[in-house]
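# Descriptive structure summary
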Amino acid sequence: MSLTVTPISPALGAQISGVDISREITAEERDAIEQALLQHQVLFFRDQPINPEQQARFAARFGDLHIHPIYPNVPETPQVLVLDTAVTDVRDNAVWHTDVTFLPTPALGAVLSAKQLPAYGGDTLWASGIAAFEALSAPLRAMLAGLTATHDFTKSFPLERFGTTPEDLARWEATRRNNPPLSHPVVRTHPVSGRKALFVNEGFTTRINELSELESEALLKLLFAHATRPEFSIRWRWQENDVAFWDNRVTQHFAVDDYRPNRRVMHRATILGDAPF
Ligand SMILES: O=C(O)CCC(=O)C(=O)O
Ligand SMILES: [Fe+2]
């Protein structure tokens, strides 16, 4: 096996080379990638021209795949969703978020492939909830450990933008019905590594349940700002056929909205996760 892992920053991020993810990876490669993911939280592979079927096969080596309720998918491979600025309003990804935390079992991770890019712009940032949590003072860490927060699908998928046609409206209403606001711990323990991570995100977290409205608002503001500080984050400048694989249990990300009206097309396969604790 010639797989190598090159860290990009102390908090998170590594580039993986020496593996071709378009073919069926070996068990050894799979385990090396999983270990790298646990340690570095987001991995980048360059020059990986994968089709949707290959992307789904790669992602499925790490868990069952999720079919997104709102975003369009590749018809023959519905486990792969399409973020195409010519088709879908993706502006809501330009907020720091962890994917699908409105689900009782948010995604374990996702594999994102760059298909068509603007000449420049359209970078994506990731931030480590582990680095952010570890940098908090001991009294604040102790307080947060006992708290839960509400996550609401409608915060990042507002009716005004996702219910514009009768068909979209019906889908949005069904999604809202099936995904009422729910609670997750504010500090999550990684189910494999045991490391603790801050688990609130601006995209979906609306309220810290045990605090007053005013306290919740002030503390969430602090945590959202703290969690995304430059030293806990990295910014990836995409090339076509780059693939990113992030651990969605302990990270959040932000897709910079600075390139429209140029077109940008990404494919994502999302891996199902377990209930945060
Ligand atoms: O388009 C991107 O770079 C990332 C979009 C996003 O938030 C996601 O795929 O989960
Ligand atoms: Fe996302």
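Note that residues are indexed from 1 along each chain, following the sequence as it is written. Whichever chain is written first is A, and whichever ligand is written first is 1; the rest continue in order. Local features in a predicted model are, by the rule used here, given only for residues with pLDDT of at least 70; side-chain atom pairs are given and counted only at 80 or more, and totals for whole chains, interfaces and linings are based on all residues. Based on all heavy atoms of the structure, the side-chain values leave hydrogens and waters out of the count.

Looking at an unreviewed UniProt entry, one finds the chain named Taurine dioxygenase, with Pseudomonas monteilii as its source organism. UniProt positions are given in the numbering used here, feature names are shortened, and annotations may be inferred rather than shown by experiment. Of the chain, the UniProt comment under Sequence similarities (unreviewed entry) reads exactly: "Belongs to the TfdA dioxygenase family." According to UniProt, the comment filed for the chain under the heading Cofactor (unreviewed entry) is "Fe(2+)".

## Quick notes on the layout of surface pockets
When its volume is computed, the largest pocket comes out at roughly 170 Å³. Put simply, DSSP H or I for four residues or longer makes a helix, DSSP E for two residues or longer makes a strand, and each gets a number counted from the N terminus. Listing elements by their share of the lining of the largest pocket, those giving two or more residues are helix H6 (159–162) and helix H7 (166–178). For the lining of the largest pocket, a count of residues per class yields 4 nonpolar, 2 polar and 4 charged. Every definition here rests on a 1 Å grid over the protein atoms only: cavities are sets of points where a 1.4 Å probe fits but cannot get out, pockets are open sets enclosed by protein on both sides within 12 Å along at least five of seven lines, and lining residues have some atom within 4 Å of a point. Grid points are joined across faces, edges and corners, and a volume is the space filled by probe spheres set on the points. Under the scheme applied, nonpolar residues are Ala, Val, Leu, Ile, Met, Phe, Trp, Tyr, Cys and Pro; charged residues are Asp, Glu, Lys and Arg; polar residues are all the others, including Gly.

## Quick look at the site of ligand 1
In these notes, residues near a molecule or strand are those with any non-hydrogen atom within 4 Å of it. Residues in close proximity to ligand 1 include Leu-83, Asn-93, His-97, Asp-99, Leu-112, Thr-124, Trp-246, His-253, Ala-255, Arg-264, Met-266 and Arg-268, which together make up its full environment. Polar contact criterion, stated in full: a pair of N or O atoms within 3.5 Å, where within protein one must be able to donate a hydrogen and the other to accept it, and residues adjacent in sequence count only if both atoms are side-chain atoms. Asn-93 has a polar side-chain atom sitting 3.2 Å from an oxygen atom of ligand 1. Here an oxygen atom of ligand 1 and a side-chain polar atom of Asp-99 are 3.0 Å apart. For accessible areas, the Shrake-Rupley method is used with a probe of radius 1.4 Å. Any residue's cover is judged against the shown protein chains and nothing else. Protein contact buries 98% of the 290 Å² of open area that ligand 1 shows by itself. Put plainly, a molecule is in a cavity or pocket when over half of its atoms are within 2 Å of the grid points there. Using a 2 Å cut-off from the grid points, one finds that ligand 1 occupies the largest cavity. Breaking the shell around ligand 1 down by element, the ones donating at least two residues are strand S16 (251–255) and strand S17 (265–271). The class makeup of the residues in the shell around ligand 1 is 5 nonpolar, 4 polar and 3 charged.

## A short note on the pairing of strand S6 (residues 77–84)
A large share of S6 lies buried, amounting to 6 of its 8 residues. Where strand S5 (residues 73–74) and S6 come together, 2 bridges link them in antiparallel fashion. Bridging from a neighbouring strand, Asn-73 pairs with Leu-81 of S6. A pair of strands is treated as paired once DSSP finds two or more bridges between them. Two successive antiparallel strands, S5 and S6, enclose a turn made up of 2 residues. Note on classification: 1.4 Å probe, protein chains only; a residue is buried when its accessible area is under 20% of the maximum for its type, exposed when over 50%, partly exposed between these limits.

## What to know about the sheet that holds strand S10 (residues 182–185)
Through backbone hydrogen bonds, the strands of a sheet pair up, either in parallel or in antiparallel fashion. Strand order across the open sheet formed by 3 strands is S10-S9-S13, with antiparallel pairing between neighbours. Two strands in the sheet have a free side with no partner beyond their single neighbour: S10 and strand S13 (205–208). This sheet shows a mean twist of 35° between the axes of neighbouring strands, independent of strand direction. As paired elements, strand S9 (residues 148–151) and S10 share 4 bridges and run antiparallel to each other. From the neighbouring strand, Thr-148 faces S10, where its bridge partner is Pro-185. Helix axes use the C-alpha atoms of the stretch in contact, all axes being lines fitted to C-alpha atoms, and the angles between their N-to-C directions lie in the range 0 to 180 degrees.

## Describing the coordination of the iron ion (ligand 2)
Sites may look incomplete, because water is not among the atoms used; the donor set itself consists of N, O and S atoms within 2.8 Å of the metal (3.2 Å for Na, K and Ca). For the iron ion (ligand 2), the full set of protein donor atoms is His-97 (NE2), Asp-99 (OD) and His-253 (NE2), and the range of their distances to it is 2.1 Å. Every donor residue of the iron ion (ligand 2) comes from the same chain, spaced as H-x1-D-x153-H. Residue His-97 is found in the loop between S6 and strand S7 (109–116), and its partner His-253 is found in strand S16; the two are separated by 156 residues along the sequence. Take His-97: its relative accessible area is 3%, and that puts it in the buried class.

## Observations regarding the UniProt feature "domain: CHASE" (unreviewed entry) in the chain
The UniProt feature table records "domain: CHASE" (unreviewed entry) at residues 1–71. In residues 1–71, helix accounts for 32% and strand for 20%; the two terminal C-alpha atoms are 37 Å from one another.

## A few points about helix H1 (residues 27–40)
How far a helix is expected to stretch is found by multiplying one less than its residue total by 1.5 Å. With 14 residues, H1 extends 20 Å between its outermost C-alpha atoms, agreeing within 8% with the 20 Å of an ideal straight helix rising 1.5 Å per residue. Among the residues making up H1, those that are buried are Glu-29, Arg-30, Ile-33, Ala-36, Leu-37, Leu-38 and His-40. Residues count as neighbours in contact if any of their non-hydrogen atoms are within 4.5 Å of one another. Buried residues belonging to H1 abut strand S1 (4–7), strand S2 (14–17), strand S3 (42–45), helix H2 (52–60) and strand S15 (243–247). Remark: Gln-41 follows H1 within two positions and exhibits a positive phi of approximately 70°.

## Here we look at the pattern of salt bridges
A pairing counts as a salt bridge when a side-chain nitrogen of Lys or Arg comes within 4 Å of a carboxyl oxygen of Asp or Glu. Inspection of every chain in the model, using the stated rule, returns 17 salt bridges. Asp-99 is the salt-bridge partner of Arg-268, the closest N and O atoms lying 3.5 Å from each other. Of the two residues, Arg-268 sits in strand S17 while Asp-99 sits in the loop between S6 and S7, which places them 169 residues apart along the sequence. Among the ionic contacts, a cluster of salt bridges with common partners joins Asp-89, Arg-91, Asp-92 and Arg-161.

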